[in-house]
Amino acid sequence: MNQIYDLEQVSDIYILGDGARWIKTGVDTFRSENTTVHFGLDKFHFFQALNHITDDKNIQNTIIDNR
């Protein structure tokens, strides 16, 4: 990344993934004094987790509408 981007000029980095520990380590790896790093579930894994929580479509829609 350092070869492509001047990370001193990057203020925010967003890492999306499935929540695996090795992916989340990117938050600490890329965080600096000038850079804030955020992790979030990608769309596929968000909906997969939602289906594990409940199969009730009304509850799923409520969660989706309030995310």
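Presented here is an overview of the structure given in this document. Fair warning: this is a prediction, and the values are worked out from it, not measured in the lab.

1. So, the overall build of the chain
- When helices and strands are tallied, the chain shows three helices and two strands.
- For the chain, the sequential pattern of α-helices and β-strands runs β-α-β-α-α.
- Computed over its C-alpha atoms, the radius of gyration of the chain comes to 16 Å, more than 25% above the 11 Å expected for a compact globule of 67 residues.
- Reported as C-alpha extents along the three principal axes, the dimensions of the chain are approximately 45 × 20 × 20 Å.
- Of all 67 residues assigned to the chain, the portion counted as buried reaches 21%.

2. Some words on the side chain of Gln-60
- Along the chain, the position of Gln-60 falls in helix H3 (residues 57-65).
- Classification of Gln-60 as buried rests on a relative accessible area of 6%.
- In terms of polar contacts, Gln-60 uses its side chain to reach the backbone carbonyl oxygen of Thr-54, at 2.6 Å.
- Excluding anything up to four places from it in sequence, Gln-60 contacts Leu-50, Asn-51, Thr-54 and Asp-55.

3. Re the packing of aromatic side chains
- Applying the stated criterion across every chain, the model contains one aromatic pair.
- Ring geometry for Phe-46 versus Phe-47: centroids 5.2 Å apart, planes at 85°, classification edge-to-face.
- The partly exposed category is assigned to Phe-47, whose relative accessible area is 28%.

4. Overview of the environment of Thr-35
- Turning to its location among the elements, Thr-35 is positioned in the loop between helix H1 (21-30) and strand S2 (36-41).
- Between the C-alpha atoms of Thr-35 and Ile-13, which are 22 residues apart in sequence, the distance is 7.2 Å.
- Residue contacts for Thr-35: discarding those within four places in its chain leaves Leu-7, Val-10, Ser-11, Asp-12, Ile-13 and Phe-30.
- Reaching out from Thr-35, the side chain makes a polar contact with the backbone oxygen of Val-10 at a distance of 2.7 Å.

5. Digging into the pairing of strand S1 (residues 12-17)
- Of the two faces of S1, the one lined by Ile-13, Ile-15 and Gly-17 is fully buried and the one lined by Asp-12, Tyr-14 and Leu-16 carries no buried residue.
- Bridge count for S1 against S2 is six bridges, and the pairing is parallel. Directly across from Gly-17, in S2, lies its bridge partner Leu-41.
- Traced from S1 through H1 to S2, the parallel crossover comes out right-handed.

What counts, and where the lines are drawn
- Per chain, residue numbering runs from 1 following the sequence as it is written.
- Given that the model is predicted, a residue must reach a pLDDT of at least 70 before its local features are reported, and side-chain atom pairs must reach 80 or more before they are shown or counted; all residues, however, enter totals for whole chains, interfaces and linings.
- Values shown for side chains rest on all heavy atoms present in the structure; no hydrogens or waters enter the calculation.
- The secondary structure listing takes helices from DSSP runs of H or I that are at least 4 residues long and strands from runs of E that are at least 2 residues long, numbered from the N terminus.
- For the radius of gyration, the atom set is restricted to C-alpha positions; the globular benchmark scales as 2.2 Å times the number of residues to the power 0.38.
- Relative accessible area decides the class of each residue, using a 1.4 Å probe on protein chains only: under 20% of the type maximum gives buried, over 50% gives exposed, and in between gives partly exposed.
- Residues adjacent in sequence count toward polar contacts only when both atoms are side-chain atoms; beyond that, a polar contact is any pair of N or O atoms within 3.5 Å, and within protein one must be able to donate a hydrogen and the other to accept it.
- Contact definition: two residues touch when any of their heavy atoms are within 4.5 Å.
- Aromatic pairing here means that ring centres of Phe, Tyr or Trp (its six-membered ring) are within 6.5 Å. Orientation follows from the plane angle: under 30 degrees is stacked, over 60 is edge-to-face, and everything else is tilted.
- At least two DSSP bridges between two strands are needed for those strands to be called paired.
- By definition, the crossover connecting two strands over a helix is right-handed if that path, from the first strand to the second, turns clockwise as seen with the strands pointing away from the viewer.

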